[in-house]
Amino acid sequence: MENIQLNEVTRTGAEVLVDSLQKQAVELIFGYPGGAVLPLYDQLYDAAIPNILARHEQGAVHAAEGYAKATGKAGVVLVTSGPGATNVVTGIADAMSDSVPLVVITGQVATAGIGKDAFQEADILGITLPITKHNYQVRHVDDLPRVIAEAFHIATTGRKGPVVIDLPKDVTLQRTAAVIELPIERKSYQPTVFPSILQIEKLMNCLKQAKRPVVLAGAGVCAANAAEELRLFVETHRLPIVTTLLGLGLVPTDHPLFLGMGGMHGTYAANMALSEADLIINIGSRFDDRLATAGSQFGQQAIIAHIDIDPAEIGKVVQTTIPIVADAKAALTQLLRYPAEELDCKEWLNRCQKRKKEHPYRYDREETKEIKPQKLIEEVGRLTKGEAVIVTDVGQHQMWVAQYYPFRFPKQLITSGGLGTMGYGIPAGIGAKFACPEKKIVVFVGDGGFQMTNQEFALLNDYGLDVKFILMNNRSLGMVRQWQETFHNERRSASVFAKQPNFGQLAEAYGINSVRIETPDQLINDLADALLEPGARLIEVLISPTEHVLPMIPPGKANHEMIGV
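Every chain is numbered independently, its residues counted from 1 as its sequence is written. Local features in this predicted model are restricted to residues of pLDDT 70 or higher, and side-chain atom pairs are both shown and tallied only at a pLDDT of 80 or more, whereas totals for entire chains, interfaces and linings draw on every residue. Remark: hydrogens and water are excluded; side-chain values derive from all non-hydrogen atoms of the structure.

### Some details on the UniProt feature "domain: Thiamine pyrophosphate enzyme central" (unreviewed entry) in the chain
Rule in force here: UniProt positions are given in the numbering used here, feature names are shortened, and annotations may be inferred rather than shown by experiment. Each helix is a run of H or I in the DSSP string that is no shorter than four residues. Each strand is a run of E no shorter than two, and both are numbered from the N terminus.
The sites that carry the UniProt feature "domain: Thiamine pyrophosphate enzyme central" (unreviewed entry) are, in the present numbering, residues 200-335. Secondary structure within residues 200-335 divides into 32% helix and 20% strand; the distance between the first and last C-alpha atoms comes to 7 Å.

This is the structure in structure tokens:
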């Protein structure tokens, strides 16, 4: 390629890799060594880039996701071949689903052994082909500088996502004089960033005529760093706004135009607005099935305008009238060029705001015997003043956090949205703390997910990380149990734990102090101390074992067919 140059000094593949990571301004690597990557780790020994030694490769990749979601930069993972590589597959799939930029470097057996069932060989290219934005296997060291530069470019531009570089051991030992000049460009990869002005004009003309418009905002707005433009757009035109789970924080939860999260466990006001709107302006959301719970029935009364940087998402789930392929920030910048006009939708906005006031999330606030999970999250929100970066695992607690924490800024909620990966929360919270050392990090995790990746607690004292972990213990796989109780005649098959470990002793085995909160009175008295004390803490809270996440849209039902409102 035209930007490859030859240097008089040759370098090993391992040296090329480390030099390239430094050129990409990589701050740290989440990894786990093994035989196939020993030359790389030997080179890292003298490098300025620290390797964060996870205790399991799945922990490493989820930590890299947490780092990437918090910063918008590519998280970097380095693991060995075979089981090291296959152990990161879940995290790669998770990153692909949530459009998280990762560069995952997997060791591989020497090129002569590939395809011969060598020790610790796995076809990681074949395994990850459907769950990566792109993947490479480097067979010659001369290709390595270009591949690394391309990998970072692809992972962090357009619709962001994971890229895998499979690196045979002998390639890391070969020498090359090849270097690559940045920035890298690949002719076959040219994402569309700027919108069609004709489509923008068409959208604004529809907005002028709309009686019941609503804006739907998702993670694409976060990825584009366009929260300010989004807020200006909805405020300029006085438009009600709904967000997806991954869009929470784009506007503060107490903003007068914000109707709440839409979808399966969203607010009544948000879902009714999506059901009754005559114009839905979707910016950076892919209409996934947790939002558009019955795709064929979604927004039947509405003109659908869909702004997305990935053209494959437009029209995939919901028939789109005004498709706009663009980066969210670029599109919103163009939309803001149009002056504010008096829209004929005051009655619609009043209706939406009345529903928001009359149908908030509800729970029994008079309960005195058991700790209500909603109350716990409200207390955390009050004590942290809505300013903490919130990380969750997956399950009931994830949805309660989405409903009850007072989010205020973008990239504030770090969670597994599309894949719904249990075990995500603890390592992702650790990655988020590396990304934002100055911010308070609070991780909510269930008793199921805690038992999947709690070995990553070892990193807390290794690196002096002040992260607060709130273990919401309802002695069951809560969301599974809820569905069994609601849709399977209360047959709780394999969803209730007969016995549990002593979670406090598990934490203390890693040198982490813990507290166990069992009653509502204790919640008020002990939660503040545990949250505000310096240092990592495990805060185990026994919550009601029978509480359901409500409201809820039953499977196959449309957004307006909510139960438990």
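Still more ground to cover, so stick around.
### What about the sheet that holds strand S15 (residues 389-392)?
Operational definition: Whether two strands pair comes down to DSSP finding at least two bridges between them. Note on contacts: a residue pair is in contact if any heavy atoms of the two residues lie within 4.5 Å. Every angle, taken between N-to-C directions, lies between 0 and 180 degrees, and every axis is a line fitted to C-alpha atoms, over only the stretch in contact when it is a helix.
One open sheet holds the six strands; their spatial order is S16-S15-S17-S18-S20-S19, and the pairing between them is parallel. The two strands at the open ends of the sheet, each matched to only one other strand, are strand S16 (413-414) and strand S19 (513-517). As paired elements, S15 and S16 share two bridges and run parallel to each other. From the neighbouring strand, Ile-390 faces S16, where its bridge partner is Leu-413. Relative to strand S17 (residues 441-446), helix H17 (residues 425-435) is tilted by about 175 degrees, and along the sheet it contacts S15, S16, S17 and strand S18 (467-473).

### A look at the pattern of salt bridges
Think of it this way: side chains of opposite charge can pair up when their charged atoms draw near. Using the following cut-off: Think of a salt bridge as a Lys or Arg side-chain nitrogen and an Asp or Glu carboxyl oxygen that are within 4 Å of each other. Exposed residues in this analysis have more than 50% of their type's maximum accessible area, buried residues have under 20%, and partly exposed residues fall in between, with area computed by a 1.4 Å probe over protein chains only.
In the structure shown here, the tally under the stated rule is 29 salt bridges. For the salt bridge of Asp-143 with Arg-146, the shortest nitrogen-to-oxygen distance reads 3.9 Å. With relative accessibility at 19%, the residue Arg-146 sits in the buried group. Among the ionic pairs, Asp-344 bridges to Lys-211, the shortest N-O distance being 2.7 Å.

### A short note on helix H16 (residues 396-404)
Here H16 lies mainly inside the structure; nine of its nine residues are buried. Taken residue by residue, H16 has Gln-396, His-397, Gln-398, Met-399, Trp-400, Val-401, Ala-402, Gln-403 and Tyr-404 as its buried positions.

### Comments concerning the packing of aromatic side chains
Our working rule: Centres within 6.5 Å make a pair out of two Phe, Tyr or Trp rings, where for Trp the six-membered ring is used; the pair is then stacked when the planes are under 30 degrees apart, edge-to-face when over 60, and tilted otherwise.
A full pass over the atoms with the stated rule returns 11 aromatic pairs. Aromatic pair Phe-434 and Tyr-463: ring centres 5.4 Å apart, planes at 75 degrees, arrangement edge-to-face. Here Phe-434, found in helix H17, pairs with Tyr-463, found in the loop between helix H19 (458-462) and S18; they are 29 residues apart in sequence, far enough to count as distant. Judged by its relative accessible area of 17%, Phe-434 is buried.

### Quick notes on the sheet that holds strand S2 (residues 29-32)
Here we have six strands laid out as an open sheet, ordered S3-S2-S4-S5-S7-S6, and parallel in their pairing. With partners counted over all chains shown, the strands left at the sheet margins are strand S3 (51-53) and strand S6 (134-137), one partner each. With direction set aside, neighbouring strand axes in the sheet form an average angle of 20 degrees. Two elements, S2 and strand S4 (residues 75-79), share three bridges in a ladder whose sense is parallel. Residue pairing across strands places Tyr-32 opposite Val-79, the latter belonging to S4. Lying over the sheet, helix H3 (residues 57-71) contacts S2, S4 and strand S5 (102-108), oriented at roughly 165 degrees with respect to S4.

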